[in-house]
Amino acid sequence: MRVEVLGPIQLRDDEAEVVDVPERKVRALLAALIAAAGETISAETLIDRVWGEDLPSNPSRVLQAKLSQLRSLLEQAAPGAKDMLVRSPGGYSLQVSAGASDAAAFREAVQTASQLSGAQRAEHLKDALGLWRGAAYAEFADELWLMPEVSQLQQERLTAVEIAAESLIETGAAEEAVSLAAPYFAQHPTREGLAAPLLLGYYRSRRQPEALAAYERLRAHLADELGVEPSAELQDLHLKILRQDPELAPVVETRAPAGPGTHSPDQVSPEGNGVTSAGRWLPSYASAFFGREQELAEIQDLLSHHRLVTLLGIGGIGKTRLAVRTAAEFTEHTQTEVWFLDLSELQPRPDDYIACRVERIYRITAETLQLTAHLSSNDSIASRIQSALQAREALLVLDNCEHVIDEVATFTDELLRSAQGVRVLATSREPMGLAEEQRFVVPQLQVNGETSPAVEFFLTRAQAVNSAIARDEQTVTAASELCRHLDGLPLALELAAARTSVLSVPDLLDRITDRLDLLARPGRAAPRRQQTLRGMLDWSWSLLEAEEQALLRRLAVHPVIWRLDVIEQVCADSGQWPTLGGESCPEARELNISVDGQVLLSRRRVLPVLANLVERSLVSTITVGGETRYRLLETVGTYAAEKLDDAGERDPLALKHIDYYRNLVDCASLYLFGPQAREWVVTIDEARPQIALAITEALRRQDGASAVSLVLATFWFRWMTGRADALLEELSAAAACPNPSESPEEKRAHAQVTVLARTVADQPTRLKVEPVLEALESFGSDEQSQLARMEVQWFGATVMFGDAAHLEQGLELFREAIDYLIQAGDLRAAAFASTQRDWFLLEVWAEPPQGLPGALDVEQILRDHGDSYGLTQALGVQHLWAETHGRRAEARRLLDEVIDLCADLQLDGELSFWLIVEAVLALREDNDDAAEQLLARSLRLAHRAAYVYCVTLHDATAAILAAKRGDAARSNQLLDGLSPEDRDSSVRLLQRYLSPEQIPEELRTVGAPSA
């Protein structure tokens, strides 16, 4: 496991996979603890560092919850890692080994490198610098309490860069030294330790003007900011560069020469060189090539083993530039000819074009190869080209193939079969579909920190446009966020850089919502479609069929990851199909034409159309849990969303999305209390992000009926599983949402949500009684309304069980609800309600369970109905009652069944509680080892569910175990972390199982329920 702070705060597990820390407060907590380097921090200090002046209503309790979440994440990263978060009388500390922090690992690597020399030292330092993903502590770097650590880390980073650059210069790797030092010198132009190797690196890689410019920048900044001149050593180096002193001659590097498809940093050839000799033509570029080292290596490897490689990707991803660079390096050390064919000016041919479809591809090839000899009457242009290339080793770069893909595929197939020495490297937005084709999807430039390839690319281009742009922290941070919004697309970054002549980078970021029109350049050299981001996307859009356009724009209704079945349901058309003589017309359905002549997207066509969009690189795929999911890049999504609005489809699509998930959760609510509960728990758990989106959309639209339906139907799923994030807020928002419908059913649902919202409100129970009673009176007097009331009345009555003044009223509300449900024939609901009442009676008031009236058997009713969750509640009540009367064998049997049911349903919170009960029984039986194992398992589940009650109950029980083993320090440590309320609630349960002598004095502060 590793805690990473050299960039955005994150955790990695033992397999080096990122463990998501989604909540900012938990990340702040982790930052505070890791920065303390194992020292104890008081709870008050942690609260101040995490919340500052914006304190929650109960800071100590909320801190406990966040610590619980952090323990859960640590345990998820590595079994047992939760124990690294140690609580002591003075507060909390995070005890991690040196290797468990990237900052410590960086410092250790730098220390090790100091013992090495030459190339070994350089490689070791580069590896250490590779641990950095951005500014240390990222979002918290400006916090006053972190500034000393952040500043120290930054200084150590710069020192490592300086030493690494010097080592690279010593070993002759001048270009590599420049690549390493230049980005840092741009941000720290007064640092002489960076300037010295940079100047020498520029000079030795034959870039004397840049060396002189770098020195001038250093001199100017030193004078302006510090009022000093460069050191004598740097002034001397400057003079030697001016004189081209022989002492500065480059060191001859002893690395092995690069072969085809490979290169070393000091042997990089120009990526484009025009017509440099017979048999070589590639376009040239004025700007430098950035990043893509891994992609270059992979493509060259493909090209060395296969004769046809196609670079695929959305427009603007950099396919052409990458292809040219690859071709230049691949042929640099061989006799292979290389020819570049730009097909962008060819116009697409109609599908019914009957002439030779590939002749114009051959003609462009002939012109490029300069085959100007007269063709005999018996020669075709195809045979002439094939004959010319038969005995030659050649690489053809076919650029921009997507709009003539069928012609290109035919041409390539014929050429590769007739000329065995020819290889083809193509760029396209969709593949040719040939058997021998190797496809390489060009990814976006990485945006993983402030020194990532995308950020470096953008800032370099921006400084070429506006040399006054400084690489200060504000600019670099804004550039990183801008690159993320632009999906790391090189064309989009180039266009954004062009705007820095009139906008600062932060200003540009503020205007990114207008990206499609804002990002443009007046360049005359670029094709029209590459002069604006909108132009690039317009070109891609124009190549799509009507069905493809329909699906692409509909996928933009929400910026989410999609499942295929949801796409089929939400994005397919459900319009009217043409009929003949009153009957559906199969022919029209095959043609997908609607009654008004518009193209329709049928459900059976969604998958093939989606596959086309994936092949055209307009839809991205990711793998989640072994399944393929689909999403749009942010830039594509912005464009597609405009098309969705233009088509007038946004509202209908959003409603279909809401309706789909309303139907799903409505169906689930029918099965959560039956034999199929487990399957539906899994189904709804997987759909939670989409359901949350549907709820948000319904609330945004003030669609009270949909919001109420979604929240109400998922209430018990969230309650029983403990996955109750945002439940309170969504209940309150749904209850406050207008409900203009006159539908009695919707009015009943709205009233039910209001009762639930007021019952779970974050208030003392005594303050909730009147609001709940008021909400219960909002139901109508008709039979259906009264049934809807009774379905939630018993739940609302639970707020009265913590207050003696309202206990009898609460019992009466329970009795009324249970009797009504029995008379209505809903025995399961009545049985379930009785379990909740009886639990409160036993737990809070030590009163015996009342069960159901007459001869009705609660347990049997729930078993007959297959209600596993209800059965856990009923058996739990029976277990407590059996323990109260000393029937221990019966109590143990009931406990075992409850635990099995909770585990099967994946009820983490419930299971955590009952495992603690089992651990207490093990303590009572002097089976301390079993108790320890059960407590550890319970704590893992409590952390995963962020169930604070079970965390405190665990600590109380663990304190008893420690005291029993003679570990008074550990016991006191655990007890010191418990508030009086925690002790009270813990002892209420523990005293059912243990004698007073077994419970430490510090825990026995129990008071009766307040009157």
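Per-chain numbering applies: the sequence of each chain, read as written, is numbered from 1 onward. In keeping with the predicted nature of the model, local features appear solely for residues at pLDDT of at least 70, side-chain atom pairs appear and are counted solely at 80 or more, and the whole-chain, interface and lining totals rest on all residues. Calculated side-chain values reflect all of the structure's heavy atoms, with hydrogen atoms and water omitted.

**Q** How should I be thinking about the overall build of the chain in this particular structure?
**A** A helix here means a DSSP run of H or I that spans at least four residues, while a strand means a run of E at least two residues long, and both kinds are numbered starting from the N terminus. The helix and strand tally for the chain stands at 44 helices and 16 strands. A burial count over the chain gives 52% of its 1011 residues as buried. Counting only contacts in the chain whose residues sit at least 6 apart along the sequence, the fraction spanning at least 24 positions is 66%. Element-wise, carbon and sulfur atoms account for 49% of the exposed surface of the chain, whose accessible area totals about 44800 Å². Partly exposed describes any residue whose relative accessible area lies between the buried limit of under 20% and the exposed limit of over 50%, with all areas from a 1.4 Å probe on protein chains only and scaled to the type maximum. Residue contacts follow a heavy-atom distance rule, with two residues in contact if any of their heavy atoms lie within 4.5 Å. Using a 1.4 Å probe, accessible areas were evaluated by the Shrake-Rupley method; residue-level cover was limited to the displayed protein chains.

**Q** What's the story with the pattern of salt bridges in this structure? I'm lost.
**A** Note on pairing: side chains with opposite charge can pair once their charged atoms come close. Salt bridge, as used here, is a side-chain nitrogen of Lys or Arg placed within 4 Å of a carboxyl oxygen of Asp or Glu. Inspection of every chain in the model, using the stated rule, returns 53 salt bridges. Between Asp 565 and Arg 563 there is a salt bridge whose closest N-O contact spans 3.2 Å. Look at Arg 563 and you get partly exposed, because its relative accessible area is 27%. A salt bridge links Glu 918 to Arg 892, with the nearest nitrogen and oxygen atoms 2.9 Å apart. Remark: Arg 892 occurs in helix α39 (residues 888-905) and Glu 918 occurs in helix α40 (residues 908-924); sequence separation between them is 26 residues. Salt bridges linked by common partners bring Arg 553, Arg 554, Asp 573 and Glu 649 together as one network.

**Q** Got a minute to help me understand the sheet that holds strand β3 (residues 18-19) in this structure?
**A** Whenever strands of a sheet pair, they do so through backbone hydrogen bonds, lying parallel or antiparallel. Read from one edge of the open sheet, 3 strands run β1-β2-β3, paired in antiparallel fashion. Lying at the two open borders of the sheet, with one neighbouring strand each, are β1 (2-4) and β3. Two strands form a pair only when DSSP identifies at least two bridges running between them.

**Q** What is the right way to read the environment of Arg 61 from this model?
**A** With respect to the element layout, Arg 61 can be found in helix α3 (residues 59-77). Given the relative accessible area of 33%, Arg 61 is considered partly exposed. C-alpha separation for the pair Arg 61 and Ser 979, spaced 918 residues apart in sequence, amounts to 9.2 Å. Leaving out residues up to four positions away in the same chain, Arg 61 has contacts with Val 948, Thr 952, Ser 979, Glu 981 and Asp 982.

**Q** Looking at this structure, how should I read the nonpolar core?
**A** Side chains of a nonpolar character, in soluble globular proteins, are inclined to be buried together. In this description, a nonpolar core means a group of buried Ala, Val, Leu, Ile, Met, Phe, Trp, Tyr and Cys residues linked to one another through side-chain atoms lying within 4.5 Å. Within the largest apolar cluster, 200 residues are counted, with the highest numbers of intra-cluster contacts made by Phe 458 and Leu 552. Considering every element that reaches this core, the biggest residue donor is α40, with 11 residues. Not counting residues up to four positions away in its chain, the partners in contact with Leu 552 are Trp 541, Leu 544, Leu 613, Leu 618, Val 619, Leu 632, Val 636 and Ala 640.

**Q** Would you explain the environment of Trp 132 in this entry?
**A** Position of Trp 132 among the secondary structure elements: in the loop between α5 (118-129) and α6 (147-170). When near neighbours in sequence (up to four residues on either side) are disregarded, Trp 132 contacts Leu 6, Phe 106, Leu 153, Gln 154 and Arg 157.

**Q** Just to check I follow, could you spell out the packing of aromatic side chains for this structure?
**A** The geometry of an aromatic ring pair is captured by two quantities: the separation of the ring centres and the angle between the planes. When two rings of Phe, Tyr or Trp (its six-membered ring) have centres within 6.5 Å they constitute a pair, described as stacked for plane angles under 30 degrees, edge-to-face for angles over 60, and tilted for the intermediate range. Tallying each qualifying case throughout the model produces 26 aromatic pairs. When the ring of Phe 715 is compared with that of Trp 716, the centres are 5.3 Å apart and the planes differ by 80 degrees; the resulting orientation is edge-to-face. The same class applies to Phe 715 as to Trp 716, namely buried. The rule is short: NZ of Lys or CZ of Arg within 6 Å of the ring centre and within 35 degrees of the ring normal puts a charge over the ring. Directly above the ring of Phe 673 sits Arg 828, whose terminal nitrogen or CZ lies 4.4 Å from the centroid.

**Q** Is there a simple way to explain the confidence of the model for the chain in this structure?
**A** For residues with low pLDDT, the predicted coordinates do not support detailed interpretation. Mean pLDDT over the chain: 82, with 87% of residues reaching 70 or higher. Throughout residues 251-278 the model reports pLDDT below 50, and contacts reaching past four residues in sequence, or to other chains, amount to 65 contacts. When the criterion is pLDDT under 50, residues 1006-1011 qualifies, and its contacts beyond four places in sequence or with other chains add up to 10 contacts. What pLDDT conveys is the predictor's confidence in a given residue, as a value from 0 to 100.

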